[in-house]
Amino acid sequence: MDILIAEDDPVSRIRLQRVLESFGYRVTAVENGAHAWEAFDRAEGLMVAILDWMMPDIDGIELCRRLKSDPDKRYHYVIMLTVKNRTDDIVGAMDAGADDFISKPFNADELKVRVRAAARIVRLQEELLFKANYDGLTGTFSRRMIMDMLAREAKRAQRTGASLTVAMLDIDYFKRINDRYGHSAGDAVLQVVSQRVVKELRATDLVGRYGGEEFVLILPDCALAAAVEVAERLRQAIRSVPVESGGEWVNVTASIGLAASSSSAESPLDGQAMLDSADRALYRAKEGGRDRVQS
Ligand code: GH3
Ligand code: MG
Ligand code: MG
Ligand code: MG
């Protein structure tokens, strides 16, 4: 875990840095709020920020408020460093989103336990975020995450004029697989199918589990004709080798519905509308006999 220190007083800053480094943390130390703000953008690992309350230009409280209200910034546990200790000062800082306080001059033992507590919260926060963003069974993106990504990719395609295709993939007769081979075989099928899908796609393509046995695929910079080829390849990869589970071999097929952005579209690109359209194509693929790609 990396720690950012923003403190304008050099004596306090250097002492903080030395003490934290002696505890084994990697430390970035800056002398004002503007540099701290840049450090939030740069460093991937920074997760705990120790901010001096009183600094020229952007002070610690303002920095904290901006950090906590910016959805593009990662979660940071903020410890406010201050000589102030009146209740209303503390309440004000907590209102700005600070998580904890350390009074100056700091005591090294106290700093150690406070940072340890911060690290615990940061780890929990990361775990929660991971659980919210990924599907636990398949490791693909969660429904929430893939929907966010769809909205973002639709906006990007709109802005750049690039092609975008959305696919809805649904395993055929999955209920039968569960009924015949058991729920854990069904789970194994979900895992293997998602692996095959991910393996066939480009690194820039996005895969999420939309529901039980339904996956959403986002193919940026991919027009319909190319997407049909990709989907055919996926379909073949899924059906070509049965899935092994508990000594049994399970034949699996899937149906795929596609929807591409049309360059002639006058109305703004709408990710949800594309998904609805892919879902309708999927329905037609099922109606047409399953194990097929439909656009
Ligand atoms: P179709 O070909 O029309 O898609 O039929 P289907 O049987 O695949 O579709 P249906 O929607 O009738 O059944 C989906 C089944 O998926 C029902 C549900 O019990 C099962 N399912 C949902 N989530 C999971 C899961 O996480 N693990 C397992 N093993 N089964 C699941
Ligand atoms: Mg200061
Ligand atoms: Mg199905
Ligand atoms: Mg389904």
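*Asks:* Run through the site of ligand 1, naming residues and quoting values.
*Replies:* For ligand 1, the set of nearby residues contains 16 residues, the closest of which are Phe174, Asp187, Arg209, Lys286 and Arg290. One of the backbone N or O atoms of His183 is found 3.1 Å from a nitrogen atom in ligand 1. The separation between a nitrogen atom of ligand 1 and a polar side-chain atom of Asp187 is 2.6 Å. When isolated, ligand 1 has an accessible area of 660 Å², and the protein chains bury 65% of it. Secondary-structure elements contributing two or more residues to the shell around ligand 1 are β6 (164-171), α7 (174-181) and α8 (183-200). The biggest single contributor to the shell around ligand 1 is α8, with 4 residues. The residue inventory of the shell around ligand 1, partitioned by class, reads 4 nonpolar, 4 polar and 8 charged.

*Asks:* So what's going on with the coordination of the magnesium ion (ligand 2)? Which residues, and what values?
*Replies:* Protein coordination at the magnesium ion (ligand 2) comes from Asp8 (OD), Asp52 (OD) and Met54 (O), with a distance range of 1.9 to 2.1 Å. All donors to the magnesium ion (ligand 2) come from one chain, and their sequence spacing reads D-x43-D-x1-M. Taken together, the positions of Asp8 in the loop between β1 (2-6) and α1 (10-22) and Asp52 in strand β3 (residues 46-52) put the pair 44 residues apart, joining distant regions of the chain. The partly exposed category is assigned to Asp8, whose relative accessible area is 31%. Overall, the relative accessible area of 2% leaves Asp52 in the buried class.

*Asks:* Can you lay out the packing of α8 against helix α9 (residues 224-240) for me, pointing to particular residues and giving the numbers?
*Replies:* Interhelical geometry of α8 versus α9 gives an angle of 140° and a closest axis separation of 9 Å. Once α8 is placed against α9, the crossing between them reads as right-handed. Touching Val193, Arg196, Val197 and Glu200 of α8 are Arg233, Leu234, Ala237 and Ile238, all from α9. Of the residues assigned to the contact of α8 with α9, the class counts are 5 nonpolar, no polar and 3 charged.

So, how was this worked out
- All chains use their own residue numbering, which begins from 1 and follows the written sequence.
- Lettering for chains starts from A, numbering for ligands starts from 1, and both go in the order in which the items are written.
- Owing to the predicted nature of the model, reporting of local features is limited to residues with pLDDT of at least 70; listing and counting of side-chain atom pairs is limited to 80 or more, with chain, interface and lining totals taken over all residues.
- Based on all heavy atoms of the structure, the side-chain values leave hydrogens and waters out of the count.
- We define proximity as follows: a residue is near a molecule or strand when any one of its heavy atoms falls within 4 Å of that partner.
- Here a polar contact is taken to be a pair of N or O atoms separated by no more than 3.5 Å, where protein atoms must pair a possible hydrogen donor with a possible acceptor and residues adjacent in sequence count only if both atoms sit in side chains.
- Using a 1.4 Å probe, the Shrake-Rupley method yields the accessible areas, and only the shown protein chains count as cover for residues.
- Going along the chain from the N terminus, every DSSP run of H or I of four or more residues is numbered as a helix, and every run of E of two or more is numbered as a strand.
- Charged residues are taken to be Asp, Glu, Lys and Arg, nonpolar residues to be Ala, Val, Leu, Ile, Met, Phe, Trp, Tyr, Cys and Pro, and polar residues to be all remaining types, Gly included.
- Sodium, potassium and calcium take a 3.2 Å donor cutoff, other metals 2.8 Å, and in both cases only N, O and S atoms count; water is not among them, so sites may look incomplete.
- Each residue is placed in one exposure class: buried if its accessible area under a 1.4 Å probe, protein chains only, is under 20% of its type's maximum, exposed if it is over 50%, and partly exposed if it falls in between.
- Every angle, taken between N-to-C directions, lies between 0 and 180 degrees, and every axis is a line fitted to C-alpha atoms, over only the stretch in contact when it is a helix.
- By definition, any crossing whose near helix is turned counterclockwise from its far helix by less than a right angle is left-handed, and any crossing with a clockwise turn is right-handed.
- Contact definition: two residues touch when any of their heavy atoms are within 4.5 Å.

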